[in-house]
Amino acid sequence: MSGHDRHHLPLCLCDFIRLLWSMVLPCVYLSLVLTLLLFLLVMGVRMWLQRSRKARLAQDSSPTVAFFHPYCNAGGGGERVLWCALRALQNRYPNISFVVYTGDQGVTGEQILEGARQRFNIRLPRPVTFIFLKNRLLVESSTYPHFTLLGQSMGSMFLGWEALTSFVPDLYVDSMGYAFTLPIFRYLGGCRVGSYVHYPTVSTDMLSVVRERNPTFNNADYISTNPVLSTVKVIYYCAFALIYGLAGSCSDVVMVNSTWTLGHILALWRAPSRTSVVYPPCEVRSFLDMPLEDEVEGEGFGDSKCHSIVSVGQFRPEKDHRLQIRAFRKLLERKGAGPGGRESLRLVLIGGCRNQEDEDRVLMLRELCQELGVTDRVEFKLNVSFEELKRELVDATIGLHTMWNEHFGIGVVECMAAGTVILAHKSGGPKLDIVVPYEGGQTGFLADSEDSYATAMETILTLSSSARLEIRRNARRSVERFSNQEFDASFLSSMEPLIGTLQR
């Protein structure tokens, strides 16, 4: 390098620094202008939406509470919470109107309510208004093969915007876990907002799965086996958790469905004074009113009685029906042929299908049954009525649940109330809230692997009828705390501060 080049190098660097410094002030001004424009835009949108609400109130002075539940016609536990919450509020507040934002297409409001009656035995005392959203595809996981959490969350903001512009309520309740809609309704719609959280969108457990590079339904093998991709995904989850916490903290009232969910939401949303546990409503009374029949003494693993093992849960990947089928196959192998053997057992998978993706999953599960040679011992019952569900549970010996870190587990409670001996996953709500000792007595069994499930089922079937009966009685007594009446009282108590602002 020549002396001339060496002489000009520092000068070029100094010129570059001067150039950057000269741009600082213009950038600050530009940032302030853009911030001001954004603020004016937000305030303009808010004023426009407020005018819409005031025009509605001028025609009908009764305040309106709106629930955001894009899948309200599905048959899961979240939908039971929705309908029981609406029933409780309508009974308590006759002068308030209610709206449900749903993405269900091809059905009428009357059909949705009839579905709630058939599946959950729930009738609303008054009609509700349904706002049918056209862009539910934006929150479908299949729409985002990569960065699914971020895609669905961004999609929920657009779907929330469609809901808000279709109808501006006075009080907004997210009853399905779309936390990113909360700031939309609070800051743009000027609404008071509440939320009922079934399951945190991201959790420390999910982070640990990625950190430990464990393959699961939401952590593909090609990511879990690659340290670089795993590191990137951990960073992505941490950043998402921060934004998720900020969105959730917008809620004026936060209700969570279990001790497990409470721990995660407190860590992420950091609003302990506004957060409480409201156990979801379970239709225990319909089961508890039925007599608990004693088994014939002497029945056990070797008897010829047909034992039904029933699973209740939507056909979603996290429910892990594959584990149920594999564990059941292992149990059949241990039983062998002959009286009281393979032919004395059947596995019944009961659940709802929300969409084509769920139906395809059922087809794959049927193929797995055929592959494992258990097709003749496994039954699939989709979208059954409440009466059929009762019949299956009352006749069952074992209630089966295999979801890891189930947030609560309404199906687990229903199985216990029906008199089955429950076998649930050793994690989440079942472990912390439901399958726990009652007055010192055992209420069920827990497992966490294919072998432990098969062993637990074998143990249950080899118990004497009197031992099984004692467990069933303990379980039945313990589930009273999850009744509809308990939910109504807790839910109304949590919502009272928000409803009170509407009646002033």
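First, a word on scope: everything that follows refers to the structure included in this document.

A few points about the pattern of salt bridges
Scanning all chains against the criterion turns up 23 salt bridges. With a closest N to O distance of 2.7 Å, D451 and K330 form a salt bridge. You can see D451 sitting in helix α16 (residues 450–462) and its partner K330 sitting in helix α11 (residues 321–335), a full 121 residues away along the chain. K390 is paired through a salt bridge with E387; the nearest N and O atoms lie 3.8 Å apart. A residue pair is termed a helical-turn pair when its members lie 3 or 4 positions apart in one helix, as K390 and E387 do in helix α13 (residues 386–395) at three residues. Judged by its relative accessible area of 15%, K390 is buried. Linked by salt bridges that have partners in common, R346, E379, K381, E388 and E392 make up one network.

A look at the sheet that holds strand β13 (residues 445–447)
An order of β10-β9-β8-β11-β12-β13 is seen for the six strands of this open sheet, with the pairing classed as parallel. Two strands in the sheet have a free side with no partner beyond their single neighbour: β10 (378–382) and β13. Strand after strand, the sheet turns through a mean of 25° between neighbouring axes, direction not considered. Two strands pair when backbone bridges link them, and strand β12 (residues 421–425) and β13 are joined in this way by three bridges, in the parallel orientation.

Details of the pairing of strand β5 (residues 192–197)
Burial runs high along β5: five of the six residues are buried. Pairing geometry for strand β4 (residues 171–174) and β5, over four bridges, is parallel. Across the sheet, the residue bridging to Y172 is V193, located in β5. One crossover worth recording links β4 to the parallel β5 by way of helix α5 (residues 182–188), and it is right-handed. As defined by bridge partners, β5 adjoins strand β6 (residues 253–256) across four bridges and the pair is classed as parallel. In the sheet register, V197 faces β6, and the bridge partner there is V256.

Notes on the packing of helix α4 (residues 148–166) against helix α8 (residues 227–248)
Orientation of α4 relative to α8, taken along the N-to-C sense of each, is 25°, at an axis distance of 10 Å. Relative to α8, α4 is oriented roughly parallel. Seen from α4, the contacting residues are T148, L149, L150 and S153; seen from α8, they are Y236, Y237 and F240. Counted by class, the contact of α4 with α8 contains five nonpolar, two polar and no charged residues.

What to know about the environment of Q90
Position of Q90 relative to the elements: it lies in helix α2 (residues 77–92). For the pair formed by Q90 and L124, sequence separation is 34 residues and the distance between their alpha carbons is 7.8 Å. Leave out the neighbours within four places in its chain, and Q90 touches F98, L124, P125, R126, P127 and V128.

Here we look at the packing of aromatic side chains
A full pass over the atoms with the stated rule returns 20 aromatic pairs. Arranged with centres 6.2 Å apart and planes meeting at 50°, the rings of F68 and Y172 form a pair that is tilted. A residue pair is termed long-range when its members are at least 10 positions apart, and F68 in strand β1 (residues 64–68) and Y172 in strand β4 qualify at 104 residues. Taken individually, F68 and Y172 each receive the classification buried, so the pair is uniform in this respect. Members of the aromatic cluster, joined through ring pairs, are F68, Y101, Y172, Y178 and F185.

Focus: the sheet that holds strand β3 (residues 129–132)
Strand order in the open sheet made by the seven strands is β3-β2-β1-β4-β5-β6-β7, with parallel pairing throughout. Strands with a single pairing partner mark the edges of an open sheet, and in this sheet they are β3 and β7 (275–277). Averaged over neighbouring strand pairs, the angle between their axes works out to 20° when direction is ignored. Lying on the sheet, helix α3 (residues 109–120) is in contact with β2 (97–102) and β3; it crosses β3 at an angle near 110°.

A few points about the environment of L323
Assignment of secondary structure puts L323 in helix α11. Judged by relative accessible area, L323 falls into the buried class, the value being 13%. Between the C-alpha atoms of L323 and T402, which are 79 residues apart in sequence, the distance is 7.0 Å. Once residues lying within four places of it in the same chain are set aside, the contact partners of L323 are T402, S449, E450 and Y453.

Thresholds, definitions, all that
- Residues numbered from 1 in each chain as written.
- Predicted model: local features only at pLDDT ≥ 70, side-chain atom pairs only at ≥ 80, totals over all residues.
- Heavy atoms only, no water.
- Salt bridge = Lys/Arg side-chain N within 4 Å of Asp/Glu carboxyl O.
- Helix = DSSP H or I, 4+ residues; strand = E, 2+ residues; numbered from the N terminus.
- Buried < 20%, exposed > 50% of the residue type's maximum accessible area, 1.4 Å probe, protein only.
- Pairing = 2+ DSSP bridges.
- Axes fitted to C-alpha atoms, helices over the stretch in contact; angles between N-to-C directions.
- Right-handed = clockwise from strand over helix to strand, strands pointing away.
- Parallel < 35°, antiparallel > 145°, perpendicular 65-115°, else oblique.
- Contact = heavy atoms within 4.5 Å.
- Nonpolar A, V, L, I, M, F, W, Y, C, P; charged D, E, K, R; others polar.
- Phe/Tyr/Trp six-rings, centres within 6.5 Å; stacked < 30°, edge-to-face > 60°.

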